[in-house]
Amino acid sequence: MKIQSLFLPLVLTLAVTTPAKAQEPVGVREISVNSKARGEDLTVLVWYPAKPGGEAVLIGDDRIFEGTPALADAARAEGMYPLIVLSHGSGASVEKMAWIASELAGEGFIVAGANHPGTTSGDSTPEDTPKLWQRTDDLATVIDELFADPDWSASIDRGNIGALGFSLGGAAVLESVGATASLEAYVDYCDTNPQMPDCQWFMGGRAFVDREEIKVEPFDLRTVDKALFEQKSHDARIKSVIAVDPALAAAFQEQSFAGVGVPLHFLNLGVAGQIDVGVRSAHLAAAAPDADLDHIEDAVHFSFLPVCKEDAIAFMKSIGETDSLCTDGGGRSRAELHDQMAEMIVEAFREDLKAAN
């Protein structure tokens, strides 16, 4: 048994539980959204301000990570709320963003995220990883579905839509508002930095299909469809973007950010000046007309993952897992880091999207 190092093909469960701390009721519902572009359905989770009731569940609970409480299928609270669409990291899942989704829902947002086929937990291949055009289409499709559904649309403030992405998801939300990347620059980045986790993934000779690890040929980025990789996406409905440690940071075309007309908030996990080149965002923030960049010095890239269970590190060692999924960068706990991240993310969206709460 082997846990996919950067990309986490973990079995995700919903477990009956009682919420561990007092909070405003947060509902969650799983829906299926058809993607015409992919020719298949997307599994989408939607968190929302709720009335008391529903089934108490844990989202994303597994052998390593603690789950996040929510109320499955609870009735929605009255009112209109801004919508946030989520994009998870490569090989992870929307369930692993439940901690921040729940925080946002408790603060007066509706939050929706899809598991991206080909780059999600247990279904992740090097060949699919660079296909950001599929992710941007997924985000647009989720918005389309919620707007078209009379039930959901009655609760969504259509003029206030945000997007939040982590790692590869951070790159996707940037591309959703008009940023573009250069395939040549991405190839050069991996040629120059073969030690970077994404570059190792491309050359590592493995993939995950149906939750099983399989062997594949090393993937050459030069074979990616250049026109699709470099095409411009622009979803004018998205009014605010938060990108946490965005992948492809070394490949983005800085000039493309000059035309992005919405606020961009970059969050790098670690000490300024010591961020890995693959996600380092200072030059991107400087290139955009309305952008800011924050750092959380005690954090590392994996700090955006859920809180680990007490015996998670010992368990990973027992199965030969070497990645430090549960080790953060300083003296604070992951829960404390999450509190700071959540405060920053909620504040940014509240300011940009005029959240009612």
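Just so it is clear, the model here is predicted, and its values are computed rather than measured. (Residues numbered from 1 in each chain as written. Predicted model: local features only at pLDDT ≥ 70, side-chain atom pairs only at ≥ 80, totals over all residues. Heavy atoms only, no water.)

Here's the deal with the overall build of the protein
Part 1: Assigned secondary structure in the protein consists of eleven helices and 15 strands.
Part 2: A compact globule built from 357 residues should have a C-alpha radius of gyration of about 21 Å, and the protein, at 19 Å, falls within 12% of that.
Part 3: Dimensions of the protein, computed from the C-alpha atoms along their principal axes, are close to 55 × 50 × 45 Å.
Part 4: Relative to its 357 residues, the protein shows a buried fraction of 57%.
Part 5: Accessible surface for the protein amounts to roughly 14,500 Å². Of this, 49% is attributable to carbon and sulfur atoms.
Part 6: Within the protein, the 55 negative side-chain charges are centred at a point lying 2 Å from the centre of the 27 positive side-chain charges. (Helix = DSSP H or I, 4+ residues; strand = E, 2+ residues; numbered from the N terminus. Rg over C-alpha atoms; globule rule 2.2 N^0.38 Å. Buried < 20%, exposed > 50% of the residue type's maximum accessible area, 1.4 Å probe, protein only. Areas by Shrake-Rupley, 256 points an atom, 1.4 Å probe, with all protein chains shown as cover. Lys, Arg positive; Asp, Glu negative; His and termini not counted. Charge placed at Lys NZ, Arg CZ, Asp CG, Glu CD.)

Brief notes about empty space enclosed by the protein
Part 1: Under the defined criterion, the tally for this structure stands at two cavities of 30 Å³ or more.
Part 2: Looking at the lining of the second largest cavity residue by residue, the class counts come to five nonpolar, three polar and one charged. (1 Å grid on protein atoms, 1.4 Å probe; cavity = no way out; pocket = protein on both sides within 12 Å on 5 of 7 lines; lining within 4 Å. Points joined across faces, edges and corners; volume = space filled by probe spheres on them. Nonpolar A, V, L, I, M, F, W, Y, C, P; charged D, E, K, R; others polar.)

Observations concerning the pattern of salt bridges
Part 1: Using the criterion set out here, one finds 18 salt bridges in the structure.
Part 2: Notably, a salt bridge pairs Asp73 with Arg29, separated by 3.4 Å at the nearest N-O pair. Of this pair, Asp73 sits in the loop between β5 (68-72) and β6 (81-87) while Arg29 sits in strand β2 (residues 26-35), placing them 44 residues apart in sequence.
Part 3: A salt bridge links Asp144 to Arg237; the shortest N-O distance between them is 2.6 Å. You can see Asp144 sitting in helix α2 (residues 132-148) and its partner Arg237 sitting in the loop between α7 (226-230) and β13 (238-244), a full 93 residues away along the chain.
Part 4: The class for Asp144 is partly exposed, based on a relative accessible area of 40%. (Salt bridge = Lys/Arg side-chain N within 4 Å of Asp/Glu carboxyl O.)

Section: the environment of Ile238
Part 1: Among the structural elements, Ile238 can be located in strand β13.
Part 2: Exposure remark for Ile238: the relative accessible area of 2% places this residue in the buried category.
Part 3: Sequence separation of Ile238 and Gly27 is 211 residues, and the distance between their C-alpha atoms is 23 Å.
Part 4: Not counting residues up to four positions away in its chain, the partners in contact with Ile238 are Ile143, Ile161, Gly162, Ala163, Ser176, Val177 and Val262. (Contact = heavy atoms within 4.5 Å.)

Let's talk about the packing of aromatic side chains
Any two aromatic rings considered together are summarised by their centre-to-centre distance and by the angle between their planes.
Part 1: Scanning the entire structure with this criterion turns up eleven aromatic pairs.
Part 2: Ring plane angle 15° and centroid distance 6.4 Å describe the contact between Trp201 and Phe208, whose orientation is recorded as stacked.
Part 3: Overall, Trp201 belongs to the buried group, its relative accessible area being 4%.
Part 4: Residue Phe208 is classed as buried on the basis of its relative accessible area of 2%. (Phe/Tyr/Trp six-rings, centres within 6.5 Å; stacked < 30°, edge-to-face > 60°.)

Things to note about the pairing of strand β4 (residues 55-61)
Part 1: Counting buried residues in β4 gives six out of seven residues, a clear majority hidden from the surface.
Part 2: Summarising the sheet, β4 and β5 pair through five bridges and their orientation is antiparallel. If you follow Glu55 over to β5, its bridge partner there is Ala72. (Pairing = 2+ DSSP bridges.)

What to know about the state of the cysteines
Part 1: Under the definition given, this model contains two disulfides.
Part 2: Residue pairing for Cys190: its cysteine sulfur links by disulfide to Cys199, the two sulfurs lying 2.1 Å apart. A torsion of -85° about the S-S bond marks the disulfide between Cys190 and Cys199 as left-handed. We note that Cys190, like Cys199, is buried.
Part 3: The disulfide partner of Cys308 is Cys326, and the S-S distance across this bridge is 2.1 Å. Judged by the sign of its S-S torsion, about -90°, the cystine formed by Cys308 and Cys326 is left-handed. With Cys308 in the loop between β15 (291-296) and α10 (312-318) and Cys326 in the loop between α10 and α11 (334-353), this residue pair connects regions lying 18 residues apart in the sequence. Of the two residues examined, Cys308 and Cys326, each falls in the buried class.
Part 4: By sequence order of its bonded cysteines, the protein has the disulfide arrangement 1-2, 3-4. (Disulfide = S-S within 2.5 Å.)

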